Structures are given as C-alpha cells and as structure tokens.
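Observations on chain architecture
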Amino acid sequence: MAGSCAGEGAPGAEGQRGGPLIVTEDADLLDDLLRLCAAAGAVPEVHHGPPGEKESWERAPMILVGDDAARGCRGASRRPGVMLVGRDQDDPGVWRRAVEIGAEYVLRLPDSEGWLVDQIANAVEGVGRSALTVGVMGGRGGSGASTLACALAVTAARSGRRAMLIDGDPLGGGIDVMLGGEESEGLRWPDFARSKGRLGGGALEESLPALHGLRVLSWGREDEVIVPPQAMRSVLAAARRLGGVVVVDLPRRVDESVAEALAQLDVGLLVVPGELRAVAAAQRVASVARRVLEDLRVVARGPYTAGLDEQWVAQALGLPLVGDLPPEAGLPSAQDSGVPPGGNSRGTLARFCAAFWDLADSPGRSNGSLARPGGGGAS
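Below, the structure is looked at part by part.

Definitions and cut-offs
Residues numbered from 1 in each chain as written. Predicted model: local features only at pLDDT ≥ 70, side-chain atom pairs only at ≥ 80, totals over all residues. Heavy atoms only, no water. Helix = DSSP H or I, 4+ residues; strand = E, 2+ residues; numbered from the N terminus. Buried < 20%, exposed > 50% of the residue type's maximum accessible area, 1.4 Å probe, protein only. Contact = heavy atoms within 4.5 Å. Areas by Shrake-Rupley, 256 points an atom, 1.4 Å probe, with all protein chains shown as cover. Pairing = 2+ DSSP bridges. Core = buried A, V, L, I, M, F, W, Y, C linked by side-chain atoms within 4.5 Å. Polar contact = N/O pair within 3.5 Å; in protein donor to acceptor, adjacent residues only side chain to side chain. Expected span 1.5 Å × (residues − 1). Arc of directions from axis to C-beta. Salt bridge = Lys/Arg side-chain N within 4 Å of Asp/Glu carboxyl O.

Looking at the overall build of the protein chain
A count of helical and extended segments in the protein chain gives 13 helices and 14 strands. Every one of the 379 residues in the protein chain was classed for burial, and the buried ones make up 51%. Considering only contacts within the protein chain whose residues lie at least 6 apart along the sequence, 71% involve residues at least 24 apart. Accessible surface, the protein chain: about 16900 Å² in total, of which carbon and sulfur atoms supply 49%.

Considerations on the sheet that holds strand 14 (residues 321–325)
Within the open sheet, the eight strands sit side by side as 9-10-8-11-7-12-13-14. Their pairing is mixed. Looking at strand neighbours, the two that pair on one side only are strand 9 (210–211) and strand 14, the edges of this open sheet. As paired elements, strand 7 (residues 132–138) and strand 11 (residues 245–249) share five bridges and run parallel to each other. In the sheet register, Leu 132 faces strand 11, and the bridge partner there is Val 245.

Overview of the nonpolar core
Core analysis: the biggest nonpolar cluster contains 44 residues, and Ile 166, Trp 189, Leu 270 and Leu 317 have the highest contact counts within it. The leading source of residues in this core is helix 8 (residues 229–241), at six residues.

So, the side chain of Arg 188
In this structure, Arg 188 sits in the loop between helix 6 (175–178) and helix 7 (201–207). Polar contacts involving the side chain of Arg 188 include one to the main-chain carbonyl oxygen of Gly 181, which spans 3.2 Å. The contacts of Arg 188, once residues within four sequence positions are left out, are Asp 176, Gly 181, Glu 182, Pro 209, Leu 217, Ser 218, Trp 219 and Gly 220.

Here we look at helix 10 (residues 276–289)
With 14 residues, helix 10 extends 20 Å from end C-alpha to end C-alpha; this agrees with the ideal 20 Å at 1.5 Å per step. Residues Ala 278, Val 279, Ala 281, Ala 282, Val 285, Ala 286 and Ala 289 constitute the buried set of helix 10. Down the axis of helix 10, the smallest arc covering the buried residues is 160°, so these residues share one side. Facing away from the buried side of helix 10, by more than 90 degrees, are the exposed residues Leu 276, Arg 277 and Arg 284. For helix 10, the elements touching its buried residues are strand 7, helix 9 (256–263), strand 12 (267–273), strand 13 (296–301) and helix 11 (310–317).

Topic: the pattern of salt bridges
In a structure, side chains of opposite charge can pair up when their charged atoms sit close to one another. Throughout the structure, instances matching the rule amount to 18 salt bridges. Of the charged contacts in the structure, one is a salt bridge between Arg 108 and Asp 67, with a shortest N-O distance of 2.9 Å. Taken together, the residues span a long stretch of sequence, with Arg 108 in strand 6 (residues 105–108) and Asp 67 in the loop between strand 4 (63–66) and strand 5 (82–86) at a distance of 41 residues. Judged by its relative accessible area of 0%, Arg 108 is buried. When the shortest N-O distance is used, the salt bridge between Glu 100 and Arg 74 registers 4.0 Å. Remark: Arg 74 occurs in the loop between strand 4 and strand 5 and Glu 100 occurs in helix 3 (residues 94–101); sequence separation between them is 26 residues. Three or more residues are tied together by salt bridges with common partners; here these are Asp 32, Arg 35, Arg 87 and Glu 113.

Dropping the structure here:
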C-alpha cells in the first residue's frame, strides 16, 4: 500500500546527491530500509530520533520515518520528501501521524518495496533530463556502424557531455577493443546479465571502464552471454537517468533484447554503404527496426555505385537522411596507435559527429540533414 497525503513527491535535482535520512529505532524495519537503500545504490544517514542538527533534516534528498519514530518527529520543520514507513496494514492512526509530521506518502512494507526503491534512486540521483540515447545499426555487415558509434561517444565526451557507450552486439568482438580498453578494469555485460530490477545510475557508471573520457559497457572475452530483455531494460534505464548522451552499438538482427534497446532510443542511425545490395539488405533491417523505433534515420557511406548518392540511398529506404559519412584516411593505423575512432578532433569523422551533436541540440531541426563535413550547408 502506498498512499499520498499531499503533493507529488520530492522534487529531483541535477546530479548525484547524498543518501536518504532514516529515522527509526525498530531494528527489523531498519534492516529492511538499509536493504532497499542498497538496492537503489544509496548510502543512508541513520538516526534513532530526529537528528540534532537541523541541517541533516533539511539537506537530505528524502526522509524515511519509521512508525515508531513519528511521535518524536512532530516538531521537525515541514519539507517535501518525508515518508512514513511501517508494516501494520490495519493501523487506523497511521494517517494522523503522517499529517502530524508532514509526510507526503504512507508506505507499508513489504507491499511498497519496489516503489520505494525507485523513489530512493530518484531522490539520490536526481530526476533531471534523460540522456539523449542514440542507437547505431549497420545496413549490412561491415558498414562501419561500430566505428560510428565509437566516434559519436568519443566526440560527445570531448565536447564536455556526460557520455556512455553501450555495446549491444554480443557477436561484435567487444567495442572496448576499438577503444583500446580490452584490458581495462571494470564490469562487462556478463556481470549484468541477471539484472531484473532497478539499477542505480551512479553505481552503473562507476562500475564501468573509463576510456577516453566516457564509460563503456562491453562484452567479456569468454563464451557468448545471453542478455535477457529485462537486463537490457535495467541497464539502459539506469544509463538514461544519468543524463548526457548514451550511444548504443546494435546488431543487425532484432531479438527480444535488441527490441528492448530500440524501444529506449530517442533516435536510430542506420549506416548504409552506397551499393544496391547494401540498400536491399538495409531495407530488411529497417523494416524490422521500425516496428519498435519510430525515429530511424540514414547515414549513407561512400564510395557510391555509379548513379547513386546519399540522397538516393535515403529515398530508396524512405527514411530521413542524416548525412554522408566521410572516409577518414589512416583510421586503422591510428587505432593501432591508440587513437580511437573520432579521437582526431580535426578528422572528418570527428567533424561529422560534432555536426550531428550540434544538430541534435538544435531545436526545430529534428528532421534536418547534417552538412557534409567540409562541404555545403544542411538541407
């Protein structure tokens, strides 16, 4: 049971904040609340009565008051984010006590545990603007989708955006290899394969390898691990709550987990080489992806078969054109030297990605086409 006394809950704020304040002398209730805080990735401040310092009560992102401690909290200052927590489902005096302490919600455990974990995570992480989430798929094998995904993430991080790169293709060899981080310490997909509930965004970010200014979730080197849809949902939801930018490198096939990833994207980019056979293959990929993803766009890549160009490719697929992905000389040798795709800020690939992020940040241009780097203006 979760009932609201007033308001809509504690307002969120940008960025990570301190843990909730717990006020109770009930050892069993305290154990339950500590467990729920751990599930939300939060470290609480615990008091057996109202904290002696007024600042502790006022600065906490939320306050969980046990039924046993409600009487002692009646004189505390009124503020949003106070919740009265207990177990007795039939206590007729619970609403009176909630009003006396200015509680916004009355929670009964264990019924409200899942909801409370979400509220704790929201309060600690802040509920700001969700990350702009971009998925990249290849129209055919070898189209350069993983290269573009890496470059987008690297370019976003270099521009000061909070960036995370998620490898959604278990057969792709590990996107951390493209970034030169296959030996970097941190968690990989096998560590999250059994995730079902809510993951803390901050905990996820801190657990992943940090490469070139961004966080990367890739695959291990062991046998293929199946990531269930609920694990994909948990990880992407946690990543999106952090804000900034999330780039997802996706396979061409669409199974249940990939469909879950597509459902959480803001925009999908389909990388299509300028060949008739590649366009035919991309049509099949697009027809499946668009069953889940509404906003799918084309990134065309030359060289083009005679008579074809980026506009023709987009029109043949019936999708909006983002732009023409230019070749970048020396890209393989640069990677061998430790420079990731997009790592050369003056390179054509980085300039293309920077133009994409500028377009994504520009209001009223959601269906526009990017300028060809070094070429003409956007259409």
